[in-house]
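Tertiary structure, described
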Amino acid sequence: SKQIIILGAGGAAASLALKAALEKAAALTILARTSHKAKAILEKAALLQPGIKLSYAPFTAANLFKKAAGADILINATPLGMTGLKEDFQDLGFLSALKPDCLICDLIYSPAQTTLLKAAANLGLPTLGGLQMLIYQAIMADNFFLGCEQNLIKAYNIVEQNLKGRVDIS
């Protein structure tokens with residue numbers, strides 16, 4: 001069972017937290033600026049998996065460093081580091097506190113390699129960006145809403161090509 005840290009308390013964070021509970025994660029921590037949103041997400045997660053260990057902490061560099069040590073998966077579900085946004089992580093020191101096999105996921109898709117992902121990769125941590133999620137989400141939505149079955153690999157390649165020049169996916 002995995003210990004998961006989610007940064008943020010928006011819609012994507014809520015979906016991921018609930019999925020983590022359904023998949024029987026051992027522990028789930030949300031670090032967010034808005035405590036009432038994070039706590040509401042954790043309450044729903046507790047209903048889905050009564051035995052899950054849940055915690056909330058304000059999203060600060062100190063809390064991130066403190067909570068990082070036990071994580072198996074750390075997911076950034078905030079806009080920090082997104083193209084066009086001036087805000088980014090002020091301190092990536094928490095990455096050094098992570099286990100060497102902790103997966104770092106960043107839901108941001110532009111740029112494809114965020115500051116967070118670059119720093120994690122430089123430390124040898126496994127990383128996963130948000131571009132694949134964006135593309136597969138669009139394909140699955142087409143399949144669902146339009147009732148058309150598409151070849152996922154072919155559709156993925158077409159969407160990726162169409163995004164080039166429109167979004168920083170390098």
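You'll find the structure just up there.
The structure reproduced in this document is the subject of the present report. Treat the numbers as computed from the prediction; the structure is a model and nothing was measured.

1. Describing the overall build of the protein
Along the protein, the regular secondary structure elements total six helices and six strands. Reading the protein from its N end, one meets helices and strands in the order β-α-β-α-β-α-β-β-α-β-α-α. The principal-axis extent of the C-alpha atoms belonging to the protein is close to 40 × 35 × 30 Å. Looking at the protein as a whole, 39% of its 170 residues are labelled buried. Here the contacts in the protein between residues at least 6 apart in sequence split such that 66% fall between residues at least 24 apart. For the protein, the exposed area adds up to about 9500 Å²; of that, 58% sits on carbon and sulfur atoms. Positive and negative charge centroids in the protein, built from 16 and 12 side chains respectively, lie 5 Å apart.

2. Quick notes on the environment of leucine 134
Among the structural elements, leucine 134 can be located in helix 5 (residues 131-146). Its relative accessible area of 27% is what places leucine 134 among the partly exposed residues. When the C-alpha positions of leucine 134 and leucine 107 are compared, they lie 8.5 Å apart, and in sequence the two are 27 residues distant. When near neighbours in sequence (up to four residues on either side) are disregarded, leucine 134 contacts Tyr109 and Leu163.

3. Concerning the sheet that holds strand 1 (residues 3-7)
Sheet architecture is open: six strands sit in the order 3-2-1-4-5-6, paired in parallel fashion. Two strands lie at the open edges of the sheet, namely strand 3 (53-58) and strand 6 (127-128), each paired on one side alone. Bridge analysis of strand 1 against strand 2 (residues 27-32) gives five bridges, and the strand direction is parallel. By the bridge assignment, glutamine 3 is partnered in strand 2 with alanine 27. Sitting on the sheet, helix 1 (residues 11-22) touches strand 1, strand 2 and strand 4 (73-76), and the angle it makes with strand 1 is about 170°. On the sheet, helix 4 (residues 115-122) packs against strand 4, strand 5 (103-106) and strand 6 and is oriented at approximately 165° with respect to strand 5.

4. Regarding the nonpolar core
One recurring pattern in soluble globular proteins is that nonpolar side chains are buried together. Among the nonpolar cores identified, the biggest contains 21 residues, and Ile4, Ile6, Ala17, Leu28, Ile30 and Ile75 are the most heavily contacted of them. Those elements that provide at least two residues to this core are strand 1, helix 1, strand 2, helix 2 (35-48) and strand 4. Contact partners of isoleucine 75, with chain neighbours within four places excluded, come to Ile4, Ile5, Ile6, Leu7, Leu16, Cys105 and Leu107. Counting 20 residues, the second largest nonpolar core, distinct from the first, contains Ile5, Ile104, Leu117 and Leu125.

5. Remarks on the environment of cysteine 102
Here cysteine 102 lies in the loop between strand 4 and strand 5. Among the residues examined, cysteine 102 registers a relative accessible area of 0% and is labelled buried. The spacing of cysteine 102 and serine 1 is 101 residues in sequence and 13 Å in space, taken between C-alpha atoms. Apart from residues lying up to four places away in sequence, cysteine 102 is in contact with Ala71, Asp72, Ile73, Leu74, Leu125 and Pro126.

6. Brief notes about the pattern of salt bridges
On inspection of all chains with the given rule, the structure shows three salt bridges. Of the charged contacts in the structure, one is a salt bridge between lysine 19 and glutamate 23, with a shortest N-O distance of 3.0 Å. Judged by its relative accessible area of 46%, lysine 19 falls in the partly exposed class.

Thresholds applied
- Residues numbered from 1 in each chain as written.
- Predicted model: local features only at pLDDT ≥ 70, side-chain atom pairs only at ≥ 80, totals over all residues.
- Heavy atoms only, no water.
- Helix = DSSP H or I, 4+ residues; strand = E, 2+ residues; numbered from the N terminus.
- Buried < 20%, exposed > 50% of the residue type's maximum accessible area, 1.4 Å probe, protein only.
- Contact = heavy atoms within 4.5 Å.
- Areas by Shrake-Rupley, 256 points an atom, 1.4 Å probe, with all protein chains shown as cover.
- Lys, Arg positive; Asp, Glu negative; His and termini not counted.
- Charge placed at Lys NZ, Arg CZ, Asp CG, Glu CD.
- Pairing = 2+ DSSP bridges.
- Axes fitted to C-alpha atoms, helices over the stretch in contact; angles between N-to-C directions.
- Core = buried A, V, L, I, M, F, W, Y, C linked by side-chain atoms within 4.5 Å.
- Salt bridge = Lys/Arg side-chain N within 4 Å of Asp/Glu carboxyl O.

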